[in-house]
Structures are given as structure tokens and as C-alpha cells.
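Residue-level structure breakdown
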Amino acid sequence: MMLADAIRAETWRLLQNRTVLLWSIVFVPIAGLAASIAGNLFIDDKMSALGERLPSQLRLERGTLDLGQALLEAAGTLANPAVLAFLLIGAATVFATDYRWETWRLITARNSRPNLIMGKAGAMKLMVLAGLALMLGSAFIAALAKGLIFDNRFVFHFSAEAARSFGLLLLLAYVRVVQLLLLALLAATVTRSLVAALFIPLVVGVAQAFLAKASLFAGWQMGDWPTMLLFPGEAYEALKALIQGGMTAAVLPSGAAWRAVAGLALWSFAPFFLALWWFQRQDLSKE
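Residues numbered from 1 in each chain as written. Predicted model: local features only at pLDDT ≥ 70, side-chain atom pairs only at ≥ 80, totals over all residues. Heavy atoms only, no water.

It is worth spelling out the packing of helix α7 (residues 160-191) against helix α12 (residues 256-280) at this point. Between α7 and α12, the least distance of the axes is 8 Å, while the angle of their chain directions is 30°. In this view, α7 runs roughly parallel relative to α12, as classed from their interaxial angle. Relative to α12, the crossing made by α7 is left-handed. Residue-level contacts link Leu172, Val175, Gln179, Leu182, Leu183, Leu185, Leu186, Thr189 and Val190 of α7 to Leu264, Trp267, Ser268, Pro271, Phe272, Leu274, Ala275, Trp278 and Phe279 of α12. When its residues are assigned to classes, the contact of α7 with α12 shows 15 nonpolar, three polar and no charged. (Axes fitted to C-alpha atoms, helices over the stretch in contact; angles between N-to-C directions. Helix = DSSP H or I, 4+ residues; strand = E, 2+ residues; numbered from the N terminus. Parallel < 35°, antiparallel > 145°, perpendicular 65-115°, else oblique. Left-handed = near helix turned anticlockwise from the far one by under 90°. Contact = heavy atoms within 4.5 Å. Nonpolar A, V, L, I, M, F, W, Y, C, P; charged D, E, K, R; others polar.)

Structure follows, in C-alpha cells:
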């Protein structure tokens, strides 16, 4: 199948770029793990140095650490700004290098234009899966290290409800990351620039975050149609709150889940199909 060939080709090309892989999917998990271990060692060292002088309310109990709960908490933080920013490096590379190195004209004759775009999107999605898996592994190892540093007793509680929440949070994080990275596809296709593919999604994401906070002055609330359709980050936060429960979920209006799903779908499919439409009409004769 030609689409499968396109995905394999793009994935192979990405795997050969070890620098991009390092910064896109390896750096953040390793840096996060190192920071967590260093921070816990520092706290433990200070606690030991202070000894009995440390107020009782500030002492950490050396009790039980639930690794299942640690995994569940990690799943809720996967789509954080650091992960989004560094995965964007890999996405921009996948989407824009054929413009940068003028190789589109060499490969368009071997496959259809829709397949070429979908092949790049498919390689990007595989990269996101690998990045999120490494983040989960890093969080689990960090929890183990924390338990060893503070001499905790390990337990692993993972009920059916926890497994459901874990799966939904993983899926939601994956959708949120892919949604932002598809903006890089549209930026790369329209501008033919690697720099634009890297920075335009960042600028759009930051602008949406600030505007979402400012929208409170206009009377828009989380869960309302304008907020969910204009700000995919808020749609992600609303769905995460509904999965995790708590006070935020309790104050969301009825139907917020469907509005949030519609918002994420709009900001995922619109950039992809716009990029596909633009690419099919693009003159590549001089690329």
C-alpha cells in the first residue's frame, strides 16, 4: 500500500536523524528524571542535616509510596509545555525538511500528494507515541527513586477505575500533542519554512493560553462553546478535569465534554485538511 510506504519512508528518515530524536523525545524525560532525583536527594540531605531541629509539620513521613497512583498522576501531566515544545522540534523537521532541502520534486513522482502528507503525519504520530512512552517510563523510575531515597515502602494499587482513567488520560494527552503539532504541518506547507513550522505553533499556543485567561473578563467560562472552540488548551484541561474529577469537574456546565471534544477535533482536523488542500495546489516544480 502506497500510504504505508510513505509512513515507513518518513519514519526511516526520522530515525536516521539522531540529533532530532535526542532533542525531541529523549531530552525531556532524561532531564526530568535527573531533576527529580537531584531534587529529592537535596531535600533528603537537608532533612538529615537539620535532624530534630526541623519542625514536625515540615518533616516528610517515610511511609508508603503507591506506584499505581504515581503512574496515574504522570498520565495527567504528559501534555505539558516542555513535552509539547521539544516534540515540536521533531514535527517541524518531519514536515519542513523537504522544502528546506528541495527534495519534494524527487519524491512526488513516487507517491500521491495526499499519501505524502499523511505519511509525514503518520511518522509524527509514531514519534509522539514514543515520546509519551518515554515520559511515562521516566516518571515511573522517578517515583521508584523517590521511594528509595526516602526509604518508602512500595505498593501498587491500580483498580479498574484507575485503569480507565489512566487510559483516557493517555489518549487525551496524545490527542492534545498531535493537535498542536498539526499546526506545524500547516505552517510548514504554507510558508515552506522550517523556522515557521517550529515557531508558529508555539506563538499560537502561547497566544491562546493568554487569551483564554483574558476571556474571563468577557464572561466566558470553561466549558462554554466559545472557550472550547477557540482555545484547544482549555478543551484539553476541561476533559482532563472531567476524567480526574474534583472541584473543577463539578463546576463545569452540562455538555462541557462534548464541547471540548468538538474543540479539539476542530483544531486537529482543520490544520490537517487545510495543509492537505494547500499542498495539492502547490507548485513544486522549483523545489
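What follows covers the side chain of Ser138. Among the structural elements, Ser138 can be located in helix α6 (residues 113-149). Residue Ser138 is classed as buried on the basis of its relative accessible area of 10%. Polar contacts involving the side chain of Ser138 include one to the main-chain carbonyl oxygen of Pro29, which spans 2.8 Å. (Buried < 20%, exposed > 50% of the residue type's maximum accessible area, 1.4 Å probe, protein only. Polar contact = N/O pair within 3.5 Å; in protein donor to acceptor, adjacent residues only side chain to side chain.)

It is worth spelling out the side chain of Asn115 at this point. Mapping Asn115 onto the fold places it in helix α6. Taking the relative accessible area as the measure of exposure, Asn115 reaches 14% and is therefore buried. Dropping the residues within four chain positions of it, Asn115 is found in contact with Met2, Leu3 and Ala6.

Turning our eyes to something else, we now look at the environment of Met127. As for its placement among the helices and strands, Met127 is situated in helix α6. Classification of Met127 by relative accessible area gives buried; the value is 3%. Taking the C-alpha atoms as reference points, Met127 and Met2, 125 residues apart in sequence, are found 20 Å from one another. Look past the residues within four positions of Met127 in its chain and what remains in contact with it is Leu14, Ser24, Ile25, Leu87, Gly90, Ala91 and Leu181.

For the rest of this paragraph, the subject is the packing of α6 against α12. Contact geometry of α6 with α12 gives a least axis separation of 9 Å together with a crossing angle of 140°. Compared by their axis directions, α6 and α12 come out oblique. Between α6 and α12 the crossing geometry is right-handed. From α6, Arg113, Pro114, Leu116, Ile117, Met118 and Ala121 reach across to α12, where they touch Phe272, Leu276, Phe279 and Gln280.

Leu87, Phe95, Met124, Met127, Val128, Val177 and Leu181 are the most contacted members of the largest nonpolar core, which has 64 residues in total. Those elements that provide at least two residues to this core are α2 (18-50), α3 (67-75), α4 (81-100), α5 (104-107), α6, α7, α10 (232-244) and α12. At 16 residues, the largest contribution of residues to this core is made by α7. Here Met124 is in contact with Ala91, Phe95, Val178, Leu181 and Leu182, once residues within four sequence places are set aside. (Core = buried A, V, L, I, M, F, W, Y, C linked by side-chain atoms within 4.5 Å.)

Let us look at the pattern of salt bridges. A full pass over the atoms with the stated rule returns seven salt bridges. Here Glu10 makes a salt bridge to Arg13, at a shortest N to O gap of 2.9 Å. One end of the pair, Glu10, and the other, Arg13, are both in helix α1 (residues 2-16), three residues apart, so they sit about a helical turn from each other. In this structure Arg13 comes out as partly exposed when scored by relative accessible area, which is 32%. Note that Lys120 is salt-bridged to Asp98, the shortest N-O span being 2.6 Å. With a gap of 22 residues between them, Lys120 in helix α6 and Asp98 in helix α4 connect regions that are remote in the sequence. In terms of burial, Lys120 and Asp98 fall into one category: buried. Members of the salt-bridge network, linked through shared partners, are Glu10, Arg13, Asp98 and Lys120. (Salt bridge = Lys/Arg side-chain N within 4 Å of Asp/Glu carboxyl O.)

Another aspect to go through is a nonpolar patch on the surface. On the surface, Val190, Leu274, Trp277 and Trp278 cluster together to form a nonpolar patch covering roughly 380 Å² of accessible area. Sort the elements by how many residues they give to the nonpolar patch and α12 lands first, with three residues. With respect to the secondary-structure elements, Leu274 resides in helix α12. (Patch = residues over 30% accessible without salt bridge, like charges linked within 9 Å, V, L, I, M, F, W, Y side chains within 5 Å. Areas by Shrake-Rupley, 256 points an atom, 1.4 Å probe, with all protein chains shown as cover.)

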